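Each chain, letter by letter, is given below.
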Amino acid sequence: MSVAFKPLAPGATLGVLGGGQLGRMWVHAAQSMGFQTVVLDPDPQSPAGLVSHQHIQTDYLDPAGLQQMAAACQAATTEFENVPADALAQLAEKIQVAPNAHAVAVAQDRRLEKTHFVKCGVPVAPFAVIASSVELEAVLKQNLGKTNAVSLLPGILKTARMGYDGKGQVRVRNPQELLDAFKQLGGVPCVLEKMLPLKAEYSVIVARGHDGAIVHLPIQHNVHRDGILAMTQVWPGVCDSALEIQAINAAKSIAQELQYIGVLCVEFFVLEDNTLVVNEIAPRPHNSGHYSLDACDVSQFELQLRCMGGLPLTQPRQHSPAVMLNLLGDIWPAIKLGSDPNFSNLPQWGKVLTLPGVHLHLYGKSEARKGRKMGHLTITASTADQARAVAKQAATILGIAAF
Ligand code: ATP
Ligand code: MG
């Protein structure tokens, strides 16, 4: 049995499973509202652990760690969808937990996730589940040149579980590449998705309270590079207006059907023919919602706190057009040179900060690596054109490829 929700007053202690950058920004938001914070993450240097009142340094399923968290906190959440859903289920026996373990379990497994989308009547990319190499070979033999797996090529083979930032994915053009990719991914259960002609990518962040109230952030327009989010743009009209309504309604029904409590991000593809398909969900605040810290009156992290604390939700309002640029380890000069990854040679923050409306967020990671999310910049301005122009200047200074 899960603990029932009640409103928690600031001064209460709130916990988060996972100590990455999302946890860190959640800790900042919690502390600014007067809550005490506990982070559970095994890494002593985790970005959130470094700034939290308390840091429990155990594995996510360590009984003593979970016990300590339940004893210290009145509510808990997760910042990382690969935290075992069972850890949330265990906490939920003692304290209020959002999102619930079931919703996280669905988001953790592409097979359950896609089944859920279909149940909600939201279109998904054509796909096939491939659970074993025997199954893969059978599927290929039976259908060679006809339907099923072969009709999904060229496609993307994605591990059913544990993928993020394009990890656990291989692009495949033909049956041989598919067989090789399945081996390369370790023979674990996978989903093969047809490679779709993408015109754009959108995401919608909804927050659903324990009383069923739902609010959402403005729709986000995302650009990915090498499977990693590179840029998010948000202002009225940045997305197709008919698709915007469809996406917001789809995101709400996906949350509603899961009886979801908390912040949920739904990622969408817009195809060349202007149809919308859902890609995946993240049961937590999301990289594409970081702009809300600087451009909205309520951020995605505050929404998460309100949901888990049983507090009222108000519809967020965006006050400035915004561009968010991810700062990956690639732009740290030492990385470019392939030499020691220390901080003697930093990106030119001084120059970037001379630009108007630039908000710098760094996550406190001590080592820059290629593809590693080190921070982000949000650029706010009074018009979308200005925000884009400043973002371009910032990208040039930092050596981020033009967009
Ligand atoms: P993250 O957790 O960072 O969102 P992920 O590892 O879960 O990423 P996906 O969202 O499945 O990965 O894919 C990453 C990116 O790869 C997508 O945003 C999109 O740009 C591209 N992509 C994924 N699937 C497809 C597809 N079926 N057709 C075309 N492009 C795709
Ligand atoms: Mg994704």
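The residue count restarts for each chain, going from 1 along the sequence in the order it is written. Chain letters start at A and ligand numbers start at 1, both assigned in the order the entries are written. With the structure being a predicted model, the display of local features is reserved for residues of pLDDT at least 70 and the display and counting of side-chain atom pairs for 80 or more, all residues being used for whole-chain, interface and lining totals. Hydrogen atoms and water are omitted, and side-chain values are computed over all heavy atoms in the structure.

J.: Talk me through the coordination of the magnesium ion (ligand 2); I want residue IDs and the actual numbers.
T.: Binding of the magnesium ion (ligand 2) to the protein goes through Glu267 (OE) and Glu280 (OE), at separations of 2.0 to 2.2 Å. Taken together, the residues Glu267 in strand S14 (residues 262-271) and Glu280 in strand S15 (residues 276-282) connect sequence positions 13 residues apart. Think of it in three bands: residues with accessible area under 20% of the maximum for their type are buried, residues over 50% are exposed, and the middle band is partly exposed, with areas taken using a 1.4 Å probe on protein chains only. Judged by its relative accessible area of 19%, Glu280 is buried. Only nitrogen, oxygen and sulfur atoms qualify as donors, and only when within 2.8 Å of the metal (3.2 Å in the case of Na, K and Ca); with water excluded, sites may look incomplete. Put simply, DSSP marks the helices as runs of H or I at least four residues long and the strands as runs of E at least two long, and each gets a number from the N terminus on.

J.: Tell me about the packing of aromatic side chains, and name the residues and values.
T.: Only rings of Phe, Tyr and Trp enter the pairing, Trp through its six-membered ring, and a pair is recorded when the two centres are within 6.5 Å. The plane angle decides the type: under 30 degrees is stacked, over 60 is edge-to-face, the rest tilted. Overall, the coordinates contain two aromatic pairs when judged by the stated rule. Pairing Tyr60 with Phe80 gives two aromatic rings, centres 6.4 Å apart and planes at 55°, and the pair type is tilted. Highlighted residues: Tyr60 in the loop between strand S3 (54-56) and helix H2 (63-72) and Phe80 in the loop between strand S4 (75-78) and helix H3 (85-92), separated in sequence by 20 residues. For Phe80, a relative accessible area of 29% puts it in the partly exposed group. Residues Trp332 and Trp349 carry aromatic rings whose centres are separated by 5.6 Å and whose planes lie at 65° to one another, so their mutual orientation is edge-to-face. Here Trp332 is found in the loop between strand S16 (322-328) and helix H11 (333-337), whereas its partner Trp349 is found in helix H12 (residues 349-352), with 17 residues between them in sequence.

J.: Mind laying out the sheet that holds strand S1 (residues 13-17), listing which residues take part and the relevant values?
T.: The sheet built from five strands is open, its strands ordered S3-S2-S1-S4-S5 with parallel pairing. One side of each edge strand has no neighbouring strand; the edge strands of this open sheet are S3 and strand S5 (96-97). Bridge count for S4 against S5 is two bridges, and the pairing is parallel. When the bridges of S5 are listed, Ala75 appears paired with Gln96. Note on definitions: a residue-residue contact is assigned when non-hydrogen atoms from the two residues lie within 4.5 Å. A fitted line through C-alpha atoms serves as each axis, taken over the contacting stretch for helices, and the angle formed by two N-to-C directions is quoted from 0 to 180°. Its contacts with the sheet put helix H1 (residues 21-32) on S1, strand S2 (36-40) and S4, and the angle it makes with S2 is roughly 160°. Each pair of strands is called paired provided DSSP finds at least two bridges between the two strands.

J.: Which residues make up the environment of Gly289, and what values go with them?
T.: Within the secondary structure layout, Gly289 lies in the loop between S15 and helix H9 (292-295). Spatially, the C-alpha atoms of Gly289 and Leu217 are 7.9 Å apart, while their sequence positions differ by 72 residues.

J.: Lay out the pairing of strand S12 (residues 220-225) with the relevant residues and their values.
T.: As judged from the three bridges shared by strand S10 (residues 198-208) and S12, these two strands associate in the antiparallel manner. Bridge pairing in S12 places Tyr202 opposite His221. Taken together, the five bridges between S12 and strand S13 (residues 228-234) define a ladder with antiparallel strand orientation. When the sheet's bridge partners are listed, Asn222 is paired in S13 with Thr232. What sits between the antiparallel neighbours S12 and S13 is a turn of two residues, in which Asp226 has the positive phi angle 50°.

J.: Which residues make up the pairing of S4, and what values do they have?
T.: Side chains Ala75 and Thr77 project from S4 onto one buried face, and the interleaved Ala76 and Thr78 project onto a second face that is buried too. Sheet topology places S1 next to S4; four bridges connect them, and they run parallel. The residue bridging Leu17 from the neighbouring strand is Thr78, located in S4. Crossovers are described as right-handed under a simple rule: with the strands pointing away from the observer, the path leading from the first strand over the helix to the second runs clockwise. The handedness of the S4 to S5 crossover, carried by H3, is right-handed.

J.: Describe in detail the sheet that holds strand S9 (residues 190-194), supporting the description with residues and values.
T.: Taken in spatial order, the four strands line up as S6-S9-S7-S8 in an open sheet, and their pairing is antiparallel. Of all strands in the sheet, those bounded by a partner on one side alone are strand S6 (127-130) and strand S8 (169-172). Strand after strand, the sheet turns through a mean of 20° between neighbouring axes, direction not considered. Here strand S7 (residues 155-159) runs beside S8; their pairing, made up of four bridges, is antiparallel. Across the sheet, residue Ile156 finds its bridge partner in S8, namely Arg171. Running over the sheet, helix H5 (residues 110-119) touches S6, S7, S8 and S9 and is turned about 50° from S9. Sheet strands touched by helix H7 (residues 175-184): S6, S7, S8 and S9. Its angle to S8, the strand with the most contacts, is close to 170°.

J.: I'd like to hear about the domain arrangement of the chain, residue by residue, with values.
T.: Accessible area lost upon the coming together of the parts is a frequently used measure of interface size. The start and end points of each domain follow an automatic or database-based domain assignment. Under the domain assignment used here, the chain contains domain 1 (13-97), domain 2 (126-194) and domain 3 (198-398). Relative placement of domain 2 and domain 3: their C-alpha centres are 30 Å apart. Taken residue by residue, the interface counts four residues in domain 2 and five residues in domain 3. Taken together, the two surfaces of domain 2 and domain 3 that pack against each other cover about 320 Å², and 32% of this comes from carbon and sulfur. Only one rule defines a salt bridge in this text: a Lys or Arg side-chain nitrogen within 4 Å of an Asp or Glu carboxyl oxygen. For the pair domain 2 and domain 3, the number of links is zero salt bridges. Residue composition of the side of domain 2 that touches domain 3, by class: no nonpolar, one polar and three charged. Throughout, buried area stands for the accessible area (probe radius 1.4 Å) lost by two parts on being put together, summed over both. Three classes are used, and their members are as follows: Ala, Val, Leu, Ile, Met, Phe, Trp, Tyr, Cys and Pro are nonpolar, Asp, Glu, Lys and Arg are charged, and the others, Gly among them, are polar.

J.: Report on the site of ligand 1, specifying residues and quantitative values.
T.: In this text, near means that some heavy atom of the residue lies within 4 Å of the molecule or strand in question. Taken together, 21 residues surround ligand 1, and among them Lys158, Gly166, Gln169, Glu201 and Glu280 come closest. As used in this structure description, the phrase polar contact means that two N or O atoms lie within 3.5 Å; if the pair is within protein, one of them must be able to donate a hydrogen and the other to accept it, and residues adjacent in sequence are counted only when both atoms belong to side chains. Note that an oxygen atom of ligand 1 is positioned 2.7 Å from one of the side-chain N or O atoms of Lys158. For every accessible area listed, the method is Shrake-Rupley and the probe measures 1.4 Å; residues are considered covered only by the protein chains on display. About the coverage of ligand 1: the protein hides 95% of its 620 Å² of free accessible area. Breaking the shell around ligand 1 down by element, the ones donating at least two residues are S7, S8, S9, S10, S14 and S15. Looking at the shell around ligand 1 residue by residue, the classes come out as six nonpolar, five polar and 10 charged. Here the shell around ligand 1 gathers at least three residues from each of two domains, domain 2 (126-194) and domain 3 (198-398).

J.: Would you mind going over the side chain of Thr13 in detail, with residue names and values included?
T.: Here Thr13 lies in strand S1. The exposure class assigned to Thr13 is buried, which follows from its relative accessible area of 14%. Beyond its immediate stretch of four places on either side in the chain, Thr13 contacts Gln36, Thr37, Val38, Ala72, Cys73, Gln74 and Ala75.

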